[in-house]
Amino acid sequence: MRRLRAWKQIWLGRFFSCVSLKFTMANTILVGAQWGDEGKGKIIDVLTERADIVVRTQGGNNAGHTVLIGKQKYVLHLVPSGILRRGKKCVIGNGVVIDPPALVEEIEGLKRLGVRVDGNLFISETAHIVLPYHRLLDEQREARKGKNKIGTTKRGIGPAYADKAARTGLRMIDLVDAGRFAELLRDRIRENNEVLKAFGAKALSFAKVHAIYREAGDKLRRFVTNTVVMLNEAVRRGKDILFEGAQGTFLDIDHGTYPFVTSSNTTAGGACTGSGVPPNRMHKVIGVMKAYTTRVGEGPFPTESVEIGDMLHALGREFGATTGRPRRCGWFDSVVTRQAVMINGIDELAVTNLDGLDTLERIKVCVGYRHGSKLYAHVPNDGRVLKECQPVYEEFQGWQCPTNKARSWQDLPVRARRYLEAIAELSGSRLSIVSVGPDREETIFL
Ligand code: IMP
């Protein structure tokens, strides 16, 4: 009887804390609204100040989030950028694919810079791991595609997710169990060596891979846990959680410009499946977009412009954080951002890199696509059609003065404000943050 009463109390406590959560909790999903590299790292860093926990839910070390704090530049690939704020808990969720030696290197690099990782980082035991054969297969498949290549980061992301879907992947829970890992790895290397040989590539040595991964596994073991239970417990306790997206909406495996996409769900739904936190516990979706558009790798890009690309590269901007590749650049495309608002349910927009447009006399914004006699207000699914689409532009007058000193909406030149209002309206969502430079301070909240 006493036991029953105790259980009743626990469950009633849970019930009432859930009811009150409605009013206190703000779990926010942050996504990229274009083709990645929207400047999410900086916005995540700024928002982390108000969050208790930051979670990465998809992708792998193909991502590169750059954060500038004072004069120190941090580039994070797997560890959530929340780690840069003292005392924030950071989670690498089950939807991420982890390259263990690369993660160890990243953690050690952060420690060398004085960042506290122990006690603040938690890694899902069900996150899949990237193995050397994934990287080799990524390279081989790209080489074989020739001019039709995707332009991947060659980090083995696609093959790792393919193994996950084929149910032949290895997970963190396997890596930290010495006996099981050796057995599974031996079998996987044997099979993948056959595939590598068929490509004409060198076979892998089990002993070498095993030694490197076991060492990484030993170093990561203390971070590995059941993050699904941990996160849902945090939700129950009313903690504020920020779900940081990697890549962008049009690199999503389902909703992107397939096959020129990455292999995970980069859209808002990926935050739920990649963390185990259910959709009805999410409160807000923020979409991050640049004041213009960029893309790395191959694939259709209707508003691509050499003019804006040359201008930005000459300023030393728009080089990839992971591969150093110059990014392809183009005018702002509201067809793309409008669709991103629709797919992700974006409630608020954060516009970054406004200062990149400071010198221009005239600025173009794409408001629709023309393909022959047909007009498109959405992104056509047929890649061949999208490739041939001609953007329909509206022109805006540039403000031609620096914006990086602006700290409030009123500080911005009137023409910059008009431009921002127009791109938010065309995208169909509310503007809430404007970033005018890489530093934390160079941010305007509306
Ligand atoms: P993968 O993710 O390495 O397989 O690459 C697939 C495509 O996604 C390529 O076009 C990459 O350039 C692109 N991509 C992957 N990660 C990022 C990112 O973090 N930012 C921008 N593009 C990315």
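The rules behind these values
Residues numbered from 1 in each chain as written. Predicted model: local features only at pLDDT ≥ 70, side-chain atom pairs only at ≥ 80, totals over all residues. Heavy atoms only, no water. Core = buried A, V, L, I, M, F, W, Y, C linked by side-chain atoms within 4.5 Å. Buried < 20%, exposed > 50% of the residue type's maximum accessible area, 1.4 Å probe, protein only. Contact = heavy atoms within 4.5 Å. Phe/Tyr/Trp six-rings, centres within 6.5 Å; stacked < 30°, edge-to-face > 60°. Helix = DSSP H or I, 4+ residues; strand = E, 2+ residues; numbered from the N terminus. Lys NZ or Arg CZ within 6 Å of the ring centre and 35° of its normal. Salt bridge = Lys/Arg side-chain N within 4 Å of Asp/Glu carboxyl O. Domains from an automatic or database assignment. Buried area = accessible area lost by both parts, 1.4 Å probe. Polar contact = N/O pair within 3.5 Å; in protein donor to acceptor, adjacent residues only side chain to side chain.

Enquirer: What's the story with the nonpolar core in this structure? I'm lost.
Expert: When a protein is soluble and globular, its nonpolar side chains tend to lie buried together. Counting 64 residues, the largest nonpolar core has Leu354, Leu357, Tyr369, Tyr419 and Leu420 as the members making the most contacts within it. If we skip the residues at most four places from it in the chain, Leu420 touches Val351, Leu354, Trp409, Leu412, Leu431 and Val434. The next biggest cluster of nonpolar side chains, apart from the first, holds 53 residues, and it includes Val54, Leu84, Ile129 and Ala350.

Enquirer: Would you mind showing me how to read the packing of aromatic side chains here?
Expert: The relation between two aromatic rings is expressed through the spacing of the ring centres and the mutual angle of the planes. Evaluation of the coordinates by the stated rule reveals 4 aromatic pairs. On the numbers, 5.8 Å between centres and 50 degrees between planes, the contact of Trp35 with Phe250 is tilted. Pair noted here: Trp35 is in the loop between β1 (28–32) and α2 (40–48) and Phe250 is in the loop between β10 (241–244) and α10 (269–273), with a separation of 215 residues, a long-range link. Judged by its relative accessible area of 2%, Trp35 is buried. Residues Phe396 and Tyr419 carry aromatic rings whose centres are separated by 5.7 Å and whose planes lie at 85 degrees to one another, so their mutual orientation is edge-to-face. Here Phe396 is found in strand β18 (residues 390–397), whereas its partner Tyr419 is found in helix α14 (residues 414–427), with 23 residues between them in sequence. Its relative accessible area of 0% is what places Tyr419 among the buried residues. An aromatic cluster of three or more residues is present, and its members are Trp35, Phe250 and Phe301. The ring of Phe445 has Arg50 sitting right over it, with the charged end atom 4.8 Å from the ring centre.

Enquirer: Explanation requested: the pattern of salt bridges in the structure shown.
Expert: It is possible for side chains bearing opposite charge to pair when their charged atoms get close. A complete count under the given rule lists 27 salt bridges for this structure. Its salt-bridge partner being Glu108, residue Lys219 comes within 3.7 Å of it at the nearest N-O pair. Here the residue Lys219 occupies a position in helix α8 (residues 206–220), and Glu108 occupies one in helix α3 (residues 100–112), the gap between them amounting to 111 residues. On the accessibility criterion, Glu108 (33% relative accessible area) is partly exposed. Among the ionic pairs, Arg188 bridges to Asp187, the shortest N-O distance being 3.9 Å. On the basis of relative accessibility, which here comes to 41%, the residue Asp187 falls in the partly exposed class.

Enquirer: Where do I start with the domain arrangement of the protein in this structure?
Expert: One widely used convention gives an interface's size as the accessible area the parts lose upon coming together. As far as domains go, the protein holds domain 1 (2–14 + 27–125 + 226–445) and domain 2 (128–224). Computed from C-alpha coordinates alone, the two centres of domain 1 and domain 2 are separated by 28 Å. On the side of domain 2, 28 residues touch domain 1, which itself brings 36 residues to the contact. Buried area between domain 1 and domain 2, summed over both chains or domains, comes out near 2600 Å², and the portion from carbon and sulfur atoms is 61%. Run the count over domain 1 and domain 2 and you get 4 salt bridges. Where domain 1 packs against domain 2, one counts 10 residue pairs in polar contact (both at pLDDT 80 or more). For the side of domain 1 that touches domain 2, the secondary structure elements donating two or more residues are β6 (97–98), α3 and β7 (121–124). A per-element tally of the side of domain 1 that touches domain 2 places α3 first, with 7 residues.

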